[in-house]
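Residue strings, one per chain:
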Amino acid sequence: MRSLEKPAARTYDCSHAAPPLTTHVKFGALVTPLLPAPLPWVRCRAIALALVALIAAACSTSSAQRATPFAPLAFDTKARALVGRMTLAEKIGQMTQVDQLFLKDTADIERYALGSILNGGDSDPVAGNSLQAWRAMYEMYQGRAIRTRLHIPLIYGVDAVHGNNNVIGAVVFPHNIGLGATRDSALVRRIAEITAEETRAVGANWAFAPCICVPQDIRWGRSYEGFSEDPALVAMLGAAAVRGLQGANPIDRTHVAATAKHFAGDGGTSLGSGIDKRLDQGDTRVDSATLRRIHIRPYIDAIAAGVATIMPSYNSWNGVKVSGDRHLLTDVLKGELNFNGFLISDYKAVNQVHSDYKTAIGISINAGMDMVMVPEHYQEFIALLTELVQEGRVPMSRIDDAVTRILRVKFAMGLMEPGYDPHADHALEQRFGSAEHRAVARQAVRESAVLLKNERGALPLSRSARRIHVVGRSADDIGIQSGGWTIFWQGKAGNITTGGTTVLSAIRAGAGRGTQVTYSADGSGAAGADVVVVVVGEGPYAEMKGDRLELALDASDRQALANARAANSPVVVVVISGRPLDIAPVLADASAVLAAWLPGTEGGGVADVLFGDYRPTGKLSFTWPRSVDQTVRSAAGRDPLFPFGFGLTYQE
Ligand code: BGC
């Protein structure tokens, strides 16, 4: 249990090109990258813009755009009629989300008419972690909910953030930072469709994804959850993910409700203002124009794509917790941006709004929070919110608005159909973790890899090599290459018992018939090899536990590199990480460097690039700093190691 005490159509494919630029009516301004443009970028800019215009036109007629966006407002009358029949207790029940781990008695679902259950990080079914156990758990809870007086089913949430990543056997896709490097919105949409299908295979009908944060300081432990440091790129891929997760309107039984998170400014916190004087959950100290231009921008596109729910963030904006900020939640999000879905708080985030829990609940609900991820002491939450209403400190009109919003979404998802079936679609089991799904993940791994350096023809690797020596603790580790939010909240190094292919086994599978592939974690045994592939990287982490003050390579990786280099064979470095690391000190020692991000379970995609079966197309979605002084985006623009948009390829 965790403690919080705590080959699809490419969007553009021009080396060094900036992401597509789009305008938005409300915020008017054309959003361009904030950094001074490096020269190659400028050369490509005109071509990129022309391409963007063409592709935008093509996209506007694609099925992605034709699908009717999820429109809960169409169910307003039905939702209001139902609210009119509800008691205060039933209304507050709908606003309550409990982590199943903390359910004291499953009958509490009926007793409190709970609106939602979640499995937070590390909240596995009691019966263990398997597709069948997850499904049985879901069906048991949902079966309870439909026996309530008004038979309102649960909206059931999981953190399916790179595939249905909590469940053993699910395909695990690259984390968003890698998808940002693909610039491929059709691919991101397809990944989201598969994620939805594998989530629905266990029954859950709601994903707390996509994260559309715009990380501005890569020391932040959630940098990999963001597609890019650039708001326009995040907006484009975030909207694609929403469309893929939700599908057409209404959401059918192979799609899920999406959550754009964490609104707003989660990626903009100042160092020192967060947990343990670091970044996560800290304070974003920017003016309103900057908040809008960088951090709110992707929400405009997510709302246009019909996102059903939005998760307000833990962070503060200029000293005020966003989860209690009426201006941001009600005036901006629901008013100005016309968001018609509902707001789900982050895990225990309401507790942070005020030191007195009851006051905190009052502030947050009055600010516009509709459903609270309590997630533990739900009886206390329900009692306190009831008192607040009875004392007139939370008006009934606010409660009715919150419940109407929640029910509109439930109606739009088809949950309120007469005779609603509380079972998962068991036919989806066939496709769960299937070869077809894994092939899409492998394609995503190929497209996300960014070639940073390639000298003396080190890459692609030759299939006539006599011996390839692979080195590094990250080379043969599904847990490390998948990162945080994989089977465990924090992820876990080692064999995390889920399927997949490590980089080493993929190199073995891809090498020529006459090639011997040898391996050592520490770099020994490299002498005499034709080429040494050194896989360096970060161990898994999530959220605040990934905040770092420096981004140096791990000591064991540096040692492995030094050992490999001593063999005098060409050295190819593969970087497995949730953000750019400090590779400047070792760059000169490597003939080639490939950034593979956190590729997930399909390491075959990395080998495809190494052997040249796929010519690299990935472009940096984050500036790669030269030193730790450049980890803040505004500083990285000055002479970075590799600029935003950088990425080499192989010659024909
Ligand atoms: C994270 C969210 C996540 C939630 C539920 C929180 O700690 O910030 O991104 O959706 O937990 O697991």
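Everything that follows concerns the structure shown earlier in this document.
Note that the structure is a prediction, hence the values are computed from the model and not measured.

Rules used in this analysis
Residues numbered from 1 in each chain as written. Predicted model: local features only at pLDDT ≥ 70, side-chain atom pairs only at ≥ 80, totals over all residues. Heavy atoms only, no water. Axes fitted to C-alpha atoms, helices over the stretch in contact; angles between N-to-C directions. Helix = DSSP H or I, 4+ residues; strand = E, 2+ residues; numbered from the N terminus. Parallel < 35°, antiparallel > 145°, perpendicular 65-115°, else oblique. Left-handed = near helix turned anticlockwise from the far one by under 90°. Contact = heavy atoms within 4.5 Å. Salt bridge = Lys/Arg side-chain N within 4 Å of Asp/Glu carboxyl O. Buried < 20%, exposed > 50% of the residue type's maximum accessible area, 1.4 Å probe, protein only. Polar contact = N/O pair within 3.5 Å; in protein donor to acceptor, adjacent residues only side chain to side chain. Near = heavy atom within 4 Å. Areas by Shrake-Rupley, 256 points an atom, 1.4 Å probe, with all protein chains shown as cover. Nonpolar A, V, L, I, M, F, W, Y, C, P; charged D, E, K, R; others polar. Pairing = 2+ DSSP bridges. Expected span 1.5 Å × (residues − 1). Core = buried A, V, L, I, M, F, W, Y, C linked by side-chain atoms within 4.5 Å. Domains from an automatic or database assignment.

Caption draft 1: Representation of the packing of helix α10 (residues 288–304) against helix α11 (residues 326–336) in the model. Two numbers describe how α10 lies on α11: the axes approach to 11 Å, and their chain directions differ by 45°. Judged on the interaxial angle alone, α11 and α10 are oblique. Where α10 crosses over α11, the two elements pack in a sense that is right-handed. Residues L291, R292, I296 and I303 of α10 touch α11, and the partners they reach there are L328, V332, L333 and E336.

Caption draft 2: Seen up close, the pattern of salt bridges. Evaluation of the coordinates by the stated rule reveals 45 salt bridges. The salt bridge involving D105 is made with R111; its shortest N-O contact spans 3.5 Å. Judged by its relative accessible area of 52%, R111 falls in the exposed class. Salt bridges here are not isolated pairs; linked through shared partners, they connect R189, R190, E193, E197, R431 and E436.

Caption draft 3: How the structure looks around the side chain of H262. Mapped onto the elements, H262 comes out in strand β5 (residues 259–263). Given a relative accessible area of 3%, H262 falls into the buried group. A polar contact of 3.0 Å, which involves the side chain of H262, links it to the side chain of D266. If near-sequence neighbours (up to four positions away) are discounted, H262 is found in contact with C211, R222, E225, Y299, M311, S313 and D346.

Caption draft 4: Quick look at the site of the ligand. By nearness alone, 17 residues border the ligand, and D159, R222, K261, H262 and D346 come closest of all. Side-chain polar atom of H262 to an oxygen atom of the ligand: 2.7 Å apart, as the coordinates give it. In the complex, the protein chains occlude 100% of the 310 Å² of accessible area that the ligand would expose alone. Tallied by class, the residues present in the shell around the ligand amount to 8 nonpolar, 3 polar and 6 charged.

Caption draft 5: Examining the sheet that holds strand β4 (residues 206–207) more closely. Read across the sheet, 5 strands follow the order β4-β3-β2-β1-β11 without closing on themselves; strand pairing throughout is parallel. Sheet topology places β4 and β11 (372–373) at the edges, where each strand pairs with a single neighbour. Both strand β1 (residues 96–99) and strand β2 (residues 116–119) contribute to a ladder of 3 bridges, which runs parallel. Residue pairing in the sheet places Q97 in a bridge with S116 of β2. This element, helix α6 (residues 131–145), spans β2 and β3 (155–158) of the sheet and lies at about 150° to β3.

Caption draft 6: Quick look at unusual backbone geometry. Residue F263 is joined to A264 through a cis peptide bond whose omega torsion reads -10°. Position of A264 among the secondary structure elements: in the loop between β5 and β6 (283–284). The step from V374 to P375 runs through a cis peptide bond, and the omega angle for that step is -20°. Structurally, P375 is set in the loop between β11 and α13 (378–390). If you check the backbone angles, R183 has positive phi at about 55° while not being a glycine.

Caption draft 7: Main features of the pairing of strand β13 (residues 467–471). Among the 5 residues of β13, 5 are classified as buried, and the element is accordingly described as predominantly covered. Burial along β13 is two-sided: R467, H469 and V471 facing one way and I468 and V470 facing the other are all buried. Sheet topology note: the β13/strand β14 (residues 516–520) ladder contains 5 bridges and is parallel. For H469, the partnering residue across the bridge sits in β14 and is T518.

Caption draft 8: Region of the structure containing helix α8 (residues 185–200). When the terminal C-alpha atoms of α8 are compared, their 22 Å separation across 16 residues agrees well with the 22 Å that a helix rising 1.5 Å per residue should span. In terms of burial, α8 is largely enclosed, as 13 of its 16 residues are buried. The N-cap residue of α8 is D184: its side-chain oxygen and the backbone nitrogen of A186 are 3.3 Å apart.

Caption draft 9: Representation of the packing of helix α3 (residues 76–83) against helix α14 (residues 396–412) in the model. Two elements in contact, α3 and α14, have axes whose closest approach is 8 Å; the angle formed by their N-to-C orientations is 125°. In terms of orientation, α3 lies oblique with respect to α14. The handedness of the crossing between α3 and α14 is right-handed. Of the residues in α14, those touching α3 at D76, K78, A79, R80, L82 and V83 are D400, V403, T404, L407, R408 and F411.

Caption draft 10: Spotlight on the environment of V353. Mapped onto the elements, V353 comes out in the loop between β10 (342–343) and α12 (357–367). Taking C-alpha positions, V353 is 9.0 Å from Y314, a pair spaced 39 residues apart along the chain. Excluding its chain neighbours within four sequence positions, the residues that come into contact with V353 are K321, S323, G324, A360 and I363.

Caption draft 11: Representation of the nonpolar core. Core analysis: the biggest nonpolar cluster contains 205 residues, and L385 and I583 have the highest contact counts within it. No other element matches the 9 residues that helix α9 (residues 231–246) contributes to this core. Two domains each donate at least three residues to this core, and these are domain 1 (72–431) and domain 2 (435–636).

Caption draft 12: Fine view of the sheet that holds β6. Strand order in this open sheet of 3 strands is β6-β8-β9, and the pairing throughout is mixed. Where the open sheet ends on each side, the last strands, each with one partner, are β6 and β9 (320–321). Bridge count between strand β8 (residues 316–317) and β9: 2 bridges; the pairing is antiparallel. If you follow S316 over to β9, its bridge partner there is K321.

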